[in-house]
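The chain contents come next:
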Amino acid sequence: EVTTEVSTISFEHLWPSIMELNYVFPKSEKLTHQKLFDVLFKTGNRAFQYPVLAIWSYADLQHDVRAQIGFSAPKKHFKKAHDRNRIKRWIRESYRTQSGDLKNTLLQKNKQIVIHFITVKNDNISFDLIQPKIKLVLNEITEQVMNAE
């Protein structure tokens, strides 16, 4: 008589849960106020990694968030709306998955910032090109926040 015993193997410990990673981009983190845009473009710092330009500045935000983010792809370089939307979606996804270090640093320093990401050229841009550039820009901003008084 043959008995077959099936053991269940759990792989849950290998992957952290979505809640632990906190890869979210809630509506409260979207940069929407005209006054914040004006301050950002007048007095903002710049971080550039081709083809992504980030303009950022410290701000007092009304919402209980550490950062508010805006995205744009200029019509001058991307003529079709679906191209602009795709570029903004790629930048948003890259920010969403890689912003953990910046958010932790802002929380430690008790600071709030606004960031606006702009793509500057249309030279065969792809998600594989944008993602590491967003990471480099976020690292640069994180270092400047850490070194600030």
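Quantities reported herein were computed from a predicted structural model and do not represent experimental measurements.

## Some words on the overall build of the chain
The secondary structure content of the chain amounts to five helices and four strands. Each helix and strand of the chain, placed in order from N terminus to C terminus, yields the pattern α-α-β-β-β-α-α-β-α. Within the chain, the fraction of its 149 residues that count as buried is 36%. Total accessible area on the chain stands at roughly 9900 Å², and carbon and sulfur atoms take up 51% of it.

## Topic: the side chain of Arg-66
Topologically, Arg-66 is positioned in the loop between β2 (52-58) and β3 (67-72). Although Arg-66 is buried, it makes no salt bridge; Asp-64 carries the closest opposite charge, 4.7 Å away. A distance of 3.0 Å separates the side chain of Arg-66 from the backbone oxygen of Lys-111, its partner in a polar contact. Beyond its immediate chain neighbours, meaning those up to four positions away, Arg-66 contacts Leu-61, Lys-103, Leu-106, Leu-107, Asn-110, Lys-111, Gln-112 and Ile-113.

## Some details on the sheet that holds β2
The strand order across the open sheet built from four strands is β1-β2-β4-β3, with neighbouring strands paired in mixed fashion. With partners counted over all chains shown, the strands left at the sheet margins are β1 (45-49) and β3, one partner each. Averaged over all pairs of adjacent strands, the angle between strand axes in this sheet comes to 20°, irrespective of strand direction. By the bridge criterion, six bridges tie β3 to strand β4 (residues 113-119) in an arrangement that is parallel. Looking at the pairing, Phe-71 lines up with Phe-117 of β4.

## Some thoughts on the pairing of β1
The pairing of β1 with β2 spans five bridges and is classified as antiparallel. Within β2, the residue paired with Phe-48 across the bridge is Leu-53. Connecting β1 to the antiparallel partner β2 that follows it, the hairpin turn spans two residues.

## Some points on helix α2 (residues 34-43)
Of the residues making up α2, those classed as buried are Leu-36, Phe-37 and Leu-40. Projection of α2 onto a plane perpendicular to its axis shows the buried side chains occupying an angular sector of 100°, all on one side. Pointing more than 90 degrees away from the buried face of α2 are the exposed residues Gln-34, Lys-35, Lys-42 and Thr-43. Along its buried surface, α2 packs onto β2, β3 and β4.

## Here's the deal with the pairing of β4
The element β4 is extensively covered by neighbouring structure, given that seven of its seven residues are classed as buried. Burial along β4 is two-sided: the face carrying Ile-113, Ile-115, Phe-117 and Thr-119 and the face carrying Val-114, His-116 and Ile-118 are both buried. The sheet contact formed by β2 and β4 spans seven bridges and is antiparallel. Each bridged residue has a counterpart across the sheet, and for Ile-55 the counterpart in β4 is His-116.

What counts as what
Residues numbered from 1 in each chain as written. Predicted model: local features only at pLDDT ≥ 70, side-chain atom pairs only at ≥ 80, totals over all residues. Heavy atoms only, no water. Helix = DSSP H or I, 4+ residues; strand = E, 2+ residues; numbered from the N terminus. Buried < 20%, exposed > 50% of the residue type's maximum accessible area, 1.4 Å probe, protein only. Areas by Shrake-Rupley, 256 points an atom, 1.4 Å probe, with all protein chains shown as cover. Lys, Arg positive; Asp, Glu negative; His and termini not counted. Salt bridge = Lys/Arg side-chain N within 4 Å of Asp/Glu carboxyl O. Polar contact = N/O pair within 3.5 Å; in protein donor to acceptor, adjacent residues only side chain to side chain. Contact = heavy atoms within 4.5 Å. Pairing = 2+ DSSP bridges. Axes fitted to C-alpha atoms, helices over the stretch in contact; angles between N-to-C directions. Arc of directions from axis to C-beta.

Nothing here speaks to function; it is geometry throughout.
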